Amino acid sequence: MGLGGYTGKILRIDLSRDTVRVDALPREWIHQFIGGDGFAAKILYEEVPGGTDPLSPANKLILATGPITGTLWPMSGRTVFVSKGAQTGIWAESHVGGFIGPELRYAGYDVLVVEGKSEKPVYVFIEDDHVELVDASHLWGLTTSEATMKIQEEQRDPDIQVAAIGLAGERLVKFAALIVNHARAAGRTGMGAVLGSKNVKAIAIRGHGGISVANHEEFVALAKRAQERVRVNPQAKEMGKWGTWILTAVKQEIGELPTYNHRTGVFSGWEQLSGDHIRPRYTVSDRACFGCSLGCKKVNYIPDGPYAGTLEEGPEYEGLMAFGSVLGIDDYPTTLKANQICNKYGMDIISAGTTIGFAIEAFEQGVLTEEDTGGLKLQWNDRDLAIRLLEMIGRREGFGDILAEGSREAARRIGRGAEKYAMHVKGLEISGQDGRTHRSIALSHATGARGADHLRSLVTVDQLGYEKVAAQRWGSDKLPEIINPYTEKYKATAVVETENTYCIRDTLIVCWYSVSWPPIFWMNDFAEVLPIATGVEEFGSVERLTEIAERQVTLKRLFNAREGISRKDDQLPERFLKEPMPEGPGKGQVVHLDPMLDDYYRLRGWDLKTGLPTKDTIRRLSLQWAT
Amino acid sequence: MVTLQKQLSVDYTKCTGCRLCELACSAKHEGVFQPSLARLRIVKYDDLGLDIPNVCGPCEEAPCVDICPVYAMRRDPVTKMVYLEEDKCILCKACVGVCTAGVIRLDTVAMRIIKCDHCGGDPECVKICPTGAITYGTPAQTAVVERHGKLKAYVAEIHRNAMKE
Ligand code: SF4
Ligand code: SF4
Ligand code: SF4
Ligand code: SF4
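Counting restarts for each chain, with residues numbered from 1 along the sequence as it is written. The lettering of chains begins at A and the numbering of ligands begins at 1, in the order of writing. Reporting in this predicted model follows two pLDDT cut-offs: at least 70 for local features of residues, and 80 or more for side-chain atom pairs to be given and counted; totals over whole chains, interfaces and linings ignore these cut-offs and use all residues. Note that the side-chain values use all heavy atoms of the structure and ignore hydrogens as well as water.

K.L.:
It is not clear to me how the overall build of chain B should be interpreted in this structure. Could you clarify?
P.N.:
Here a helix means four or more residues in a row that DSSP labels H or I, a strand means two or more in a row labelled E, and each is numbered from the N terminus. Each helix and strand in chain B was counted, giving six helices and eight strands. Listed by position from the N terminus, the elements making up chain B come as β-α-β-β-α-β-β-α-β-β-α-β-α-α. Looking at chain B as a whole, 45% of its 165 residues qualify as buried. Residue pairs at least 24 apart in sequence account for 59% of intrachain contacts in chain B once pairs closer than 6 positions are excluded. Only protein chains enter the accessibility calculation, which uses a 1.4 Å probe; a residue is then buried when its area is under 20% of its type maximum, exposed when over 50%, and partly exposed in between. Any two residues whose heavy atoms approach within 4.5 Å are treated as being in contact.

In structure tokens:
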């Protein structure tokens, strides 16, 4: 291969034929895409044709890494799973921390592609050159954690890294997740259902090799300085202490804490869901993903009450929101219990909680009745109900069966105007933000390639009022509007530039907590490290990296366009456009989406009417092959 | 001059399991990022949320020294540190199996035994560790007691709940 950082190999496993192939990583892909999301987009576009049923053997599950995955660079242990979305039917990706990405690289591969469908339940076992489909009938029905430990035990190696599905993946819950290291989830879009549809219980990887970069000495020196920057950063220190729980108070303060199915952004019980409340009472240990000196993961233990004895990592802020404020529940132990169930069954906590929120509101409004729910009375702030419904979803039992489809499909089946209460974009439930009081996220939610997403282009600079950073990145002429959360002006500029940077972040791949919040590393840092790691000089130019990012965004868009997505789908639930924020500092605010969409398409070089990439843009980004 | 008995000390309560120490060790000694060639190991218990660094020493008895048939493993009588004299080693691998911390390793490519040498007194793992879970110095008794605190708390809680049920 000759290039630093890469192993130069793609491992392909065809479950239908029971064959394994190792392809060379084409050099041209590196120049065009760098790695991670970029490689995966190239493969998915070329190999999963338009109209493919996501749960059919023709869909593929891709695990991709980047050129610095598994090195000393801060937080370089993250990985992305990509597929056509089980829940959404469009481009789907889910990033996860833990250790499995580095392990794939130590085994000698940059990318893993799993395709076809196994006749019988199996797990994929990869140990360096040895690749095997192992019978998994004895693992079927086990929790993700049990399956993981069983595999480590029978292969006699506790260092095997496993991504497993639980009952939810087996039963094709549309937002089923893959769980690694007991509690880290490739949560969103239903990767677990894709694996379940292929009859695969788990992907287990062990590697004994190493990663060499182009210039080892220089890379190590730079990586150590980068680690130091994380360590001394005051916000990173706070994150290390409180994890993402720190966000609860921030969101409450700006009136953006989704409450009662996103009706409002203010929650009276927020303090019970804040770091100040949780850490001293419940936290027993701090943990980290591979190569991370921040360590945002918290292991917690509930000493008393109905969930006494629960020992589990998390949940993240998003889980506090989904099983706390969204359901009107002011009780941390409930959210931890919910997180444990989501981890065991392998489910996305955001979609699960928000789908339950949908059902409660629809019930409250008389759209759902006890006849639909099998006698259950749905109401806010009902802890037992939330936990009970969650288990029913994981098992697809009773009323849980319809909720297991996610809010969009559940609303469609229920009819009677239930769609009004389904908080999703393109089938993916809205994450823990509110566009009415944080205008740029409205645009992110509407345009995100995988649906209502908080990870691909969320701007934190406006939300938190980082004036200096904003001036540096976007020019002081755009101040103060660009950091005013209540105006549409300049928001597309912020979203596009942020999305571009995150695209490169997702090719390396590094954690969002060193880039997005707190904003420690940005494009120029990537331009510094990439040439040293890979030896590819052109990666040293921010312009070139920006072009690669634009190519990635536009290619994902072309994938979605083939599935029928256009401007009409870049929408938000009516609530955000028509129901003014009822209270809090952003009282009265609504989203005006169209002007932001116009700006966004203009900056992306997409047609204003259709929202699709223009011929010129496609040519400029050398994507003619994808039309 | 007095030689201090410097050792690597471990405090599990601080370890986050980030494995930066494994990366830094292999980066320094092998010029690659390869945890399987690191001279220390982080043993992870994801189900309990525990991460336990395993390093060379301090061993009261050094089984690797006792078992080596050709005296390639030698123990410094003052520092108690065990060193490998590579040119004497006949690769019988007995030490690999007998090391209680599992940190004597076999490099299956170069076919050689690899073992911690405290980086000649300037341990790379200690410098990179973000939490102070590994330190280098004369061991204090208190640290040894404290490091069992987390485990003890876990076991007590699990016991308490088992009694309830
Ligand atoms: S900041 Fe948190 S999620 Fe990111 S790598 Fe570190 S521990 Fe993992
Ligand atoms: S492998 Fe080498 S050092 Fe280890 S016990 Fe055998 S001879 Fe001694
Ligand atoms: S002291 Fe040096 S050789 Fe020993 S484990 Fe630490 S980094 Fe490796
Ligand atoms: S670097 Fe420190 S905190 Fe990280 S795994 Fe090693 S001992 Fe634990």
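K.L.:
What's the story with the sheet that holds strand β4 (residues 79-84) of chain A in this structure? I'm lost.
P.N.:
The strands making up a sheet are joined through hydrogen bonds of the backbone, oriented either antiparallel or parallel. All names here are of chain A. The six strands lie next to each other as β2-β1-β6-β3-β4-β5, forming an open sheet whose pairing is mixed. The open sheet has two free edges, formed respectively by β2 (19-24) and β5 (91-96), since each of these has just one partner strand. Strand-to-strand twist across the sheet, computed as the mean angle between neighbouring axes with direction ignored, equals 15°. A pair of strands is labelled paired if DSSP reports no fewer than 2 bridges between them. Note: strand β1 (residues 9-14) against strand β6 (residues 111-115), five bridges, orientation parallel. Each axis is a line fitted through C-alpha atoms, taken for helices only over the stretch in contact, and angles between the N-to-C directions span 0 to 180 degrees.

K.L.:
How do you make sense of the packing of aromatic side chains when you look at a structure like this?
P.N.:
Aromatic rings considered in pairs are described by the distance between their centres and by the relative angle of their planes. Whether two aromatic rings pair depends on their centres lying within 6.5 Å, for rings of Phe, Tyr and Trp, where Trp uses its six-membered ring; planes under 30 degrees apart make the pair stacked, over 60 edge-to-face, and the rest tilted. Across all of its chains, the model carries 19 aromatic pairs over all chains by this definition. Ring centres 5.6 Å apart and planes at 70° place the aromatic pair A:Phe219 and B:Phe33 in the edge-to-face group. Highlighted residues: A:Phe219 in helix α7 (residues 216-232) and B:Phe33 in the loop between α1 (20-30) and β2 (41-45), drawn from two different chains. In this structure, A:Phe219 and B:Phe33 share a single accessibility class: buried. Pairing A:Tyr600 with A:Tyr601 gives two aromatic rings, centres 6.2 Å apart and planes at 75°, and the pair type is edge-to-face. The pair formed by A:Tyr600 and A:Tyr601 is uniform in burial state, with each residue classed as buried.

K.L.:
Even after reading the chapter, I still don't get unusual backbone geometry, so can you show me in this structure?
P.N.:
Most peptide bonds are trans, and most residues other than glycine sit at a negative phi. Here the residue pair A:Leu508 and A:Ile509 is connected by a cis peptide bond, since its omega of -10° sits within 30 degrees of zero. Following the sequence through the fold, A:Ile509 ends up in the loop between α20 (491-508) and α21 (523-534). Of note, the amide linkage connecting A:Trp517 to A:Pro518 takes the cis form, showing an omega dihedral of 0°. On the secondary structure map, A:Pro518 appears in the loop between α20 and α21. Here the phi dihedral of B:Tyr71 falls at roughly 55°; this positive angle occurs in a residue that is not glycine. With respect to the element layout, B:Tyr71 can be found in the loop between α2 (63-67) and β4 (73-75). Relative accessible area serves as the criterion here: at 61%, B:Tyr71 is assigned to the exposed category. Unlike most non-glycine residues, B:Lys93 shows phi in positive territory, near 70°. On the secondary structure map, B:Lys93 appears in the loop between β5 (82-84) and α3 (94-98).

K.L.:
Can you walk me through the pattern of salt bridges in this structure?
P.N.:
When their charged atoms lie close together, side chains carrying opposite charge are able to pair. When a carboxyl oxygen of Asp or Glu lies within 4 Å of a side-chain nitrogen of Lys or Arg, that pair is called a salt bridge. Overall, the coordinates contain 75 salt bridges over all chains when judged by the stated rule. One network of salt bridges, in which partners are shared, links A:Asp37, A:Glu93, A:Arg450, A:Asp453, A:Arg456, A:Arg505, A:Asp506 and A:Lys556.

K.L.:
So what exactly am I meant to see when it comes to the nonpolar core here?
P.N.:
Most often, soluble globular proteins keep nonpolar side chains buried together rather than apart. In terms of nonpolar packing, the biggest core is built from 201 residues, with A:Trp73, A:Phe219, A:Phe323, A:Met347 and A:Phe358 touching the most fellow members. Tallying contributions element by element places helix α13 (residues 349-364) of chain A first for this core, with nine residues. Excluding its chain neighbours within four sequence positions, the residues that come into contact with A:Met347 are A:Ala168, A:Val173, A:Phe175, A:Ala176, A:Ala177, A:Ile341, A:Cys342, A:Leu390, A:Ile393 and A:Gly394. B:Ala38, B:Ile52, B:Val82 and B:Cys129 belong to the second-largest nonpolar core, a separate cluster that totals 30 residues. We define a nonpolar core as any set of buried Ala, Val, Leu, Ile, Met, Phe, Trp, Tyr and Cys residues linked to one another through side-chain atoms lying within 4.5 Å.

K.L.:
Got a minute to help me understand the site of ligand 1 in this structure?
P.N.:
Residue proximity to a molecule or strand is established when one non-hydrogen atom of the residue lies within 4 Å of it. Around ligand 1, the neighbouring residues are A:Met75, A:Arg78, A:Ala288, A:Cys289, A:Cys292, A:Leu294, A:Gly295, A:Cys296, A:Lys297, A:Cys511 and A:Tyr513. Residue polarity follows a fixed list, in which Ala, Val, Leu, Ile, Met, Phe, Trp, Tyr, Cys and Pro are nonpolar, Asp, Glu, Lys and Arg are charged, and the others, Gly among them, are polar. The residue inventory of the shell around ligand 1, partitioned by class, reads eight nonpolar, one polar and two charged.

K.L.:
Please clarify how the domain arrangement of chain A should be interpreted in this entry.
P.N.:
Bring the parts together and some accessible area is lost; that lost area is often taken as the interface size. All names here are of chain A. Looking at the assigned domains, one finds that chain A contains domain 1 (9-206), domain 2 (240-422) and domain 3 (434-626). Computed with a 1.4 Å rolling probe, the buried area is the accessible surface lost when two parts are put together, summed over both parts. Across the interface of domain 2 and domain 3, roughly 1600 Å² is buried in total on both sides, 56% from carbon and sulfur atoms. Contact with domain 3 buries area across many residues of domain 2, yet Ile-254, Glu-256 and His-262 alone supply 28% of it, more than any other trio. The interface formed by domain 2 and domain 3 contains one salt bridge. As used throughout, domain bounds are those supplied by an automatic or database domain assignment.

K.L.:
Just checking my understanding: could you explain the interface of chain A and chain B for this structure?
P.N.:
Contacts between the two partners involve 39 residues from chain A and, on the opposite side, 35 residues from chain B. Carbon and sulfur atoms make up 55% of the surface buried where chain A meets chain B, a total of about 2900 Å² over both sides. Viewed at the interface, chain B and chain A are joined by four salt bridges. Think of a polar contact as two N or O atoms within 3.5 Å of one another; within protein, one of them needs to be a possible hydrogen donor and the other a possible acceptor, and neighboring residues in sequence only count if both atoms come from side chains. The interface formed by chain A and chain B contains 14 residue pairs in polar contact (both at pLDDT 80 or more). Every element with two or more residues in the side of chain A that touches chain B is listed here: α3 (100-106), α7, β13 (283-287) and β14 (297-301) of chain A. Counted by class, the side of chain A that touches chain B contains 18 nonpolar, 15 polar and six charged residues.

K.L.:
Got a minute to help me understand the sheet that holds strand β11 (residues 184-186) of chain A in this structure?
P.N.:
Residues and elements named next belong to chain A. Overall, mixed pairing links the six strands, which are arranged β8-β7-β12-β9-β10-β11 in an open sheet. Each end of this open sheet is capped by a strand with a single partner; those strands are β8 (130-135) and β11. For this sheet, the mean inter-axis angle between neighbouring strands, taken without regard to orientation, is 20°. Summarising the sheet, strand β9 (residues 161-164) and strand β12 (residues 200-206) pair through four bridges and their orientation is antiparallel. In the strand pairing of β12, Val-162 is matched with Ala-204. Against the sheet, helix α4 (residues 144-154) contacts β7 (122-127), β9, β10 (178-180) and β12, and its axis sits at roughly 145° relative to β9.

K.L.:
Help me understand the pairing of β2(B) in this model?
P.N.:
It is a general feature of regular strands that their side chains alternate between the two faces of the sheet. Residue and element names in this part refer to chain B. For β2, the tally of buried residues reaches four of five residues, placing the bulk of the element in the interior. Note: β2 against strand β3 (residues 50-54), five bridges, orientation antiparallel. For Lys-44, the partnering residue across the bridge sits in β3 and is Asp-51. Following β2, the chain reverses through four residues before pairing antiparallel with β3; Gly-49 in that reversal takes a positive phi of roughly 70°.

K.L.:
Teacher, can you tell me more about the packing of α20(A) against α21(A) here?
P.N.:
A pair of packed helices is characterised by two quantities: the angle between their axes and the separation of those axes. All names here are of chain A. Following both chains from N to C, one finds α20 and α21 inclined at 30°, their axes separated by 10 Å at the closest point. Here α20 runs over α21; the crossing is left-handed. Mapping the contact onto sequence places Asn-500, Thr-501, Ile-504, Arg-505 and Leu-508 in α20 and Met-523, Phe-526 and Leu-530 in α21. Counted by class, the contact of α20 with α21 contains five nonpolar, two polar and one charged residues. Note on convention: the crossing is left-handed when the near helix lies turned anticlockwise from the far helix by less than a right angle, right-handed when the turn is clockwise.

K.L.:
What's the story with the packing of helix α18 (residues 439-447) of chain A against α20(A) in this structure? I'm lost.
P.N.:
Residue and element names in this part refer to chain A. The interhelical angle for the contact between α18 and α20, taken along N-to-C directions, is 55°, at an axis separation of 9 Å. It follows from the interaxial angle that α18 and α20 lie oblique. Two packed elements cross with a definite hand, and for α18 against α20 that hand is right-handed. Along the contact surface, α18 presents Arg-439, Ser-440, Leu-443 and Ser-444, while α20 presents Lys-491, Ala-492 and Val-495. When grouped by side-chain class, the residues that make up the contact of α18 with α20 number three nonpolar, two polar and two charged. Here roughly perpendicular refers to angles of 65 to 115 degrees, roughly parallel to angles under 35, roughly antiparallel to angles over 145, and oblique to all remaining angles.

K.L.:
Got a minute to help me understand the confidence of the model for chain B in this structure?
P.N.:
Caution applies to low-pLDDT parts of the model: their predicted coordinates are not meant to be read in detail. Residues and elements named next belong to chain B. Known as pLDDT, the predictor's per-residue confidence is scaled from 0 to 100. Averaged over every residue, the pLDDT of chain B is 86; residues scoring 70 or more account for 81%. Within chain B, no element has a lower average pLDDT than helix α5 (residues 141-146), which sits at 47, and none a higher one than α1, at 98. Across residues 141-147, where pLDDT falls below 50, the model places six contacts with residues more than four positions away in sequence or in other chains. Reported confidences for the modelled complex are a pTM of 0.96 and an ipTM of 0.95.

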